[in-house]
Amino acid sequence: MSSLFRLPLEVRQMIYARCLVVGKVFPYTYAERYDEYEYDYDDEETGLELSGCEEPWVPLLRVSRAVREEAEPMLYQRNTFFLPACDLTIRFFKRSLHNDLRKAWVKSVVLALDASDMTRYDRGIVLDKHLELRRDEMLFPERAYDDAFWPEEESFKENLHLAFNDRLGDVVWPRKASYVLKNLSLNDVIFDFRGSACIEGCCDMQLKALSSIVKGFAMGRPMKVEVLGMEPWRQLWERVIAKWPAIQKSDDDDGCDYFEGLDILQT
Ligand SMILES: [Zn+2]
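The rules behind these values
Residues numbered from 1 in each chain as written. Predicted model: local features only at pLDDT ≥ 70, side-chain atom pairs only at ≥ 80, totals over all residues. Helix = DSSP H or I, 4+ residues; strand = E, 2+ residues; numbered from the N terminus. Buried ≥ 20, exposed ≤ 12 C-beta atoms within 10 Å, placed from the backbone. Contact = placed C-beta atoms within 7 Å. Axes fitted to C-alpha atoms, helices over the stretch in contact; angles between N-to-C directions. Parallel < 35°, antiparallel > 145°, perpendicular 65-115°, else oblique. Left-handed = near helix turned anticlockwise from the far one by under 90°. Nonpolar A, V, L, I, M, F, W, Y, C, P; charged D, E, K, R; others polar. pLDDT = per-residue confidence, 0-100. Core = buried A, V, L, I, M, F, W, Y, C linked by C-beta atoms within 7 Å. Expected span 1.5 Å × (residues − 1). Bend = angle between axes of the 7 residues up to and from the residue. Pairing = 2+ DSSP bridges.

**Looking at the overall build of the protein**
Right, so step 1: Helices and strands together make up the secondary structure of the protein, namely 10 helices and 7 strands.
Right, so step 2: Taking all 267 residues of the protein together, the buried fraction comes to 30%.
Right, so step 3: For the protein, restricting intrachain contacts to residue pairs at least 6 apart in sequence, the fraction spanning at least 24 positions comes to 83%.

**A look at the packing of helix α1 (residues 9-20) against helix α3 (residues 65-77)**
Two packed helices can be described by the angle between their axes and the distance between those axes.
Right, so step 1: Between α1 and α3, the least distance of the axes is 10 Å, while the angle of their chain directions is 45°. If you check the angle between α1 and α3, you find them oblique. Here α1 and α3 pass one another in a crossing that is right-handed. Along the contact surface, α1 presents R12, Y16, A17 and L20, while α3 presents E70, A71, M74 and L75.
Right, so step 2: Here the residues of the contact of α1 with α3 are counted per class, giving 6 nonpolar, no polar and 2 charged.

**Focus on the confidence of the model for the protein**
Right, so step 1: Residue-level pLDDT values for the protein average 81, and 78% of them are 70 or greater.
Right, so step 2: Here residues 44-48 is modelled with pLDDT under 50, and outside its nearest four sequence neighbours on either side it reaches 12 contacts, counting other chains as well.
Right, so step 3: Below a pLDDT of 50 lies the segment residues 251-267, which in the model reaches 23 contacts outside its immediate sequence neighbourhood of four places, other chains included.

**So, the environment of V106**
Right, so step 1: Note that V106 resides in the loop between α5 (100-105) and β5 (108-112).
Right, so step 2: Taking C-alpha positions, V106 is 6.6 Å from L186, a pair spaced 80 residues apart along the chain.
Right, so step 3: In this view, V106 contacts Y76, F81, L97 and L184; residues no more than four positions away in its chain are not counted.

**Description of the nonpolar core**
Right, so step 1: L83, V109, L111 and V180 are the most contacted members of the largest nonpolar core, which has 51 residues in total.
Right, so step 2: If one sorts the elements of this core by residue count, helix α8 (residues 154-183) sits on top with 8 residues.
Right, so step 3: The contacts of L83, once residues within four sequence positions are left out, are T89, F92, V109, V110, L111, A112 and V180.

**What to know about the environment of W233**
Right, so step 1: Assignment of secondary structure puts W233 in the loop between β7 (224-228) and α10 (234-242).
Right, so step 2: With 17 C-beta atoms counted inside 10 Å, the residue W233 sits in the partly exposed group.
Right, so step 3: A C-alpha to C-alpha distance of 9.8 Å links W233 and D204, two positions 29 residues apart in sequence.

**What about α3?**
Right, so step 1: Relative to the 18 Å expected for 13 residues at 1.5 Å per residue, α3 spans 19 Å between its end C-alpha atoms, a close match to the ideal helical length.
Right, so step 2: Most pronounced at A71, the bend in α3 amounts to some 35°, and the proline P73 follows within four residues.
Right, so step 3: Along α3, the residues classified as buried are A71, L75 and Y76.
Right, so step 4: On its buried face, α3 sits against α1 and α5.

**Let's talk about the pairing of β5**
Right, so step 1: Across the 5 residues of β5, 5 count as buried, placing the element largely inside the fold.
Right, so step 2: Residues of β5 alternate between two faces, with S108, V110 and A112 on one and V109 and L111 on the opposite face, all of them buried.
Right, so step 3: Two strands pair when backbone bridges link them, and strand β4 (residues 80-83) and β5 are joined in this way by 3 bridges, in the parallel orientation. Along β5, the bridge assignment pairs L83 with L111.
Right, so step 4: Summarising the sheet, β5 and strand β6 (residues 188-192) pair through 5 bridges and their orientation is parallel. Residue pairing across strands places L111 opposite F191, the latter belonging to β6.

**Brief notes about the pairing of β4**
Right, so step 1: The pairing of strand β1 (residues 24-25) with β4 spans 2 bridges and is classified as parallel. For V25, the partnering residue across the bridge sits in β4 and is F81.

**A word on the packing of helix α9 (residues 205-216) against α10**
Right, so step 1: For the pair α9 and α10, interaxial distance at closest approach is 9 Å and the crossing angle is 10°. As judged from the angle between their axes, α9 and α10 are roughly parallel. Within the contact between the two elements, α9 uses L207, L210, S211 and V214 and α10 uses L236, W237, V240 and I241.

**Some words on the environment of P73**
Right, so step 1: Its location among the elements puts P73 in helix α3.
Right, so step 2: Put simply, P73 and R102 are 29 residues apart on the chain and 7.6 Å apart in space, counted from C-alpha to C-alpha.

This is the structure in structure tokens:
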């Protein structure tokens, strides 16, 4: 019996909170964050503010099984998880949220929505080429999110621009959002569109995406919904969100019935 357990439960919980409750968490390794994605602390290009993300002191969970059982729910229940590009989001689900209990713990996420949420298949549709998913991409969906090139020719850019924005607003972002919303029972969600603005300032892809999410996700609206990157259109998106009926909480609802596996690639 570790000496920690000679302390009263309330004191142990204060210690756990000091170690694990940090606010916003970016739930990936240093390598995933910097080498693979070259995210800076504040990425000027995408506007992602990762400087607000702290590292919880997770070695605490390795102290003993008893400590882990007692402390781990707090890590998930009392932090906000930053979910960036789709492949990393899938990785977080596979690695950390691999059972229904853990999924039910998560209460708050920032859902960053940008062009990196497109699979190779989506890119093929936008480019009007047929880029089928490879077999390994079907089995390991995160592999379908490699950084494929986009053509540079000017003549192509205008068509590309519109197709690109339709695809993101109509399919790609609603698909990602419904995957996250279906699998978690959230109290708060922040849709972060700061890395996604139309380069010409003409597209309403974010509003389209929000409308589809509201229509397509009948389970209802988390208690608190915030949208970043759409300040000039605040009245518009607030109207869209207002149409979203609130979640009906029933007594036997333990939040565990939502799991439907990795259906993220179904279009
Ligand atoms: Zn546009």
